[in-house]
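Listed here are the chains, written in short residue letters.
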Amino acid sequence: MQNFVFQNPTKLVFGKGMISKLAELIPANSRLMITFGGGSVKRNGVYDEVKAALAGREWIEFWGIEPNPAIETLRKAIALGREHKVDFLLAVGGGSVIDGTKLISAGLRYEGDAWDLVLKGCYTDTVPLGTVLTLPATGSEMNSGAVISRHETKEKYAFYSNYPRFSILDPEKTFTLPEHQIACGLSDTFVHVMEQYLTTAGQSRVMDRWAEGLLQTVIEIAPKIRENKHDYDLMADFMLSATMGLNGFVAMGVTQDWATHMIGHELTALHGLTHGATLAIVFNGTIRVLREQKRAKLLQYGARVWGIVEGTEEERIDRTIEATEAFFRSLGLSTRLSEEGIGEETIAEIERRFNEAGVAYGEAHNVTGSMARRILEACR
Ligand code: NZQ
Ligand code: ZN
């Protein structure tokens, strides 16, 4: 196990009716700005509950943070927040609203253009932020990351700032999610755990078992959620899995991969594909191309998560890779680039971008431009 420092300061406020706790969680005299997406919260009662919880308070609202939040939109929110001297932010929505609001929280404390902060990659002088989460997927409600897009140039990069002070998770508020968003949320959760688990074997028994527990939970609940997305306990386990999958709890003392995510961000930037949908495709390519490097962990994952224990090592790994792709397909997602009409032009552009940036992702720092090409070719 590697050395590590762990601290996650986000207060998790979980369960039915918990939005009513907002007034206790936001300091009384705050100059508050509440941020939203495109309006789903008006259709599922979340907006009314937030208003009721904050009755008697004053705040301003910023609407329209889109999926894959764009700097072009966030600049407007920062200008509005500056004008009103905002000193507390509440993000109400999915990962995109939360991520966008993380950049707003940093942008309010930075004189220049907030895109500078995205390019810098990290900025921790921020206005405090709380969240009400409506979509289990990203873990943004309990981590310090955000992913920001720039439409003008078709770019999408990760950015790190501070953790939310608190996050309210009411599983009932997920009942209105469209099926595709649920599928993408399950895929995102699964791949987050994999990015931290499917690396080098033998680093930590504790992390391995926690990660395998989350993977097994997602595999168990996914078909049941497809049958009934209004089951409170199923959605509660989905929500908690998503949060636990990317809040640092399965990352202590172990190496991490993230190559699938970095390639997936390019597919979103270039084609607008939903984040979880990109992962359902790319991850299959990653494990095919890096099967030797990940051999010991693939065998462990196959045995413990899928019960694949018979046959030679090669046969077991083949079956494990097949089971993984079948899992994404069972969510109703594409697992091949061709299904989304993506081909050589995009592969060449991603290879070019990786080469130009001189990156080398993954636990072995070997996912360069040419390796990204091999991965994408393996999921054509
Ligand atoms: O905008 P509204 O109208 O609210 O609708 C949203 C949006 O259209 C809708 N939605 C959300 N909750 C709903 C709902 N519709 C009905 N009922 C509800 N309860 O769902 C759509 C998608 O929302 P979005 O926030 O974009 O989805 P998600 O939470 O998957 O966030 C995706 C973004 O997060 C980034 C992704 O790259 C992408 O930009 N990620 C952030 C991470 C982080 N901060 O740590 C890590 C992840 O790997 C990921 O990269
Ligand atoms: Zn993700």
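Residues numbered from 1 in each chain as written. Chains lettered and ligands numbered in written order. Predicted model: local features only at pLDDT ≥ 70, side-chain atom pairs only at ≥ 80, totals over all residues. Heavy atoms only, no water.

**Focus: the domain arrangement of the protein chain**
No. 1: Domains assigned within the protein chain are domain 1 (11-173) and domain 2 (178-377).
No. 2: Here the C-alpha centroids of domain 1 and domain 2 sit 27 Å apart.
No. 3: With 23 residues of domain 1 at the contact, the number on the domain 2 side is 22 residues.
No. 4: Summed over both partners, the interface of domain 1 with domain 2 comes to about 1900 Å²; 66% of that surface belongs to carbon and sulfur atoms.
No. 5: Of all residues in domain 1, Pro136, Lys154 and Lys156 give up the largest surface area on contact with domain 2, accounting jointly for 29% of the area buried on that side. (Domains from an automatic or database assignment. Contact = heavy atoms within 4.5 Å. Buried area = accessible area lost by both parts, 1.4 Å probe.)

**Comments concerning the coordination of the zinc ion (ligand 2)**
No. 1: All of the protein donors around the zinc ion (ligand 2) are Asp188 (OD), His192 (NE2), His261 (NE2) and His275 (NE2); their distances to the metal are 2.0 to 2.1 Å.
No. 2: The sequence motif formed by the donor residues of the zinc ion (ligand 2) is D-x3-H-x68-H-x13-H. Residue His261 is located in helix α10 (residues 259-271), and its partner His275 is located in helix α11 (residues 275-289); the two are separated by 14 residues in the primary sequence. Judged on exposure class, the residue His261 and its partner His275 are both buried. (Donors = N, O, S within 2.8 Å, 3.2 Å for Na, K, Ca; no water. Helix = DSSP H or I, 4+ residues; strand = E, 2+ residues; numbered from the N terminus. Buried < 20%, exposed > 50% of the residue type's maximum accessible area, 1.4 Å probe, protein only.)

**So, the packing of helix α7 (residues 179-197) against α11**
No. 1: Following both chains from N to C, one finds α7 and α11 inclined at 50°, their axes separated by 8 Å at the closest point. Relative to α11, the element α7 is oriented oblique. Two packed elements cross with a definite hand, and for α7 against α11 that hand is left-handed. Here Cys184, Ser187, Asp188, Val191, His192 and Met194 of α7 lie close against α11, whose contacting residues are His275, Gly276, Ala277, Leu279, Ala280 and Phe283.
No. 2: Looking at the contact of α7 with α11 residue by residue, the classes come out as 7 nonpolar, 4 polar and 1 charged. (Axes fitted to C-alpha atoms, helices over the stretch in contact; angles between N-to-C directions. Parallel < 35°, antiparallel > 145°, perpendicular 65-115°, else oblique. Left-handed = near helix turned anticlockwise from the far one by under 90°. Nonpolar A, V, L, I, M, F, W, Y, C, P; charged D, E, K, R; others polar.)

**Describing the sheet that holds strand β5 (residues 129-133)**
No. 1: Read from one edge to the other, the open sheet built from 6 strands follows the order β1-β8-β5-β4-β2-β3, with strand pairing classed as parallel. Each end of this open sheet is capped by a strand with a single partner; those strands are β1 (11-14) and β3 (59-62). Taken pair by pair, the neighbouring strands of this sheet meet at an average axis angle of 15°, ignoring direction.
No. 2: Sheet topology note: the strand β2 (residues 32-36)/strand β4 (residues 88-93) ladder contains 5 bridges and is parallel. Looking across to β4, one finds that Phe36 is bridged to Val92.
No. 3: Sheet strands in contact with helix α5 (residues 95-107) are β2, β4 and β5, and its direction is about 165° off that of β4.
No. 4: Packed onto the sheet, helix α9 (residues 232-245) meets β1, β5 and β8 (166-169) and runs at close to 170° relative to β1. (Pairing = 2+ DSSP bridges.)

**Focus: the packing of α7 against helix α13 (residues 313-330)**
No. 1: At their nearest, the axes of α7 and α13 sit 10 Å apart, and the two run at 155° to each other. Considering their axes alone, α7 and α13 lie roughly antiparallel with respect to each other. Between α7, through Ser187, Phe190 and Val191, and α13, the contact on the second element is made entirely by Thr324, Phe327 and Phe328.
No. 2: Its residues placed into classes, the contact of α7 with α13 shows 4 nonpolar, 2 polar and no charged.

**Points about the environment of Phe6**
No. 1: For Phe6, the location among the structural elements is in the segment before β1.
No. 2: For Phe6, the contacting residues outside a window of four places in its chain are Asn247, Gly248, Phe249 and Met252.

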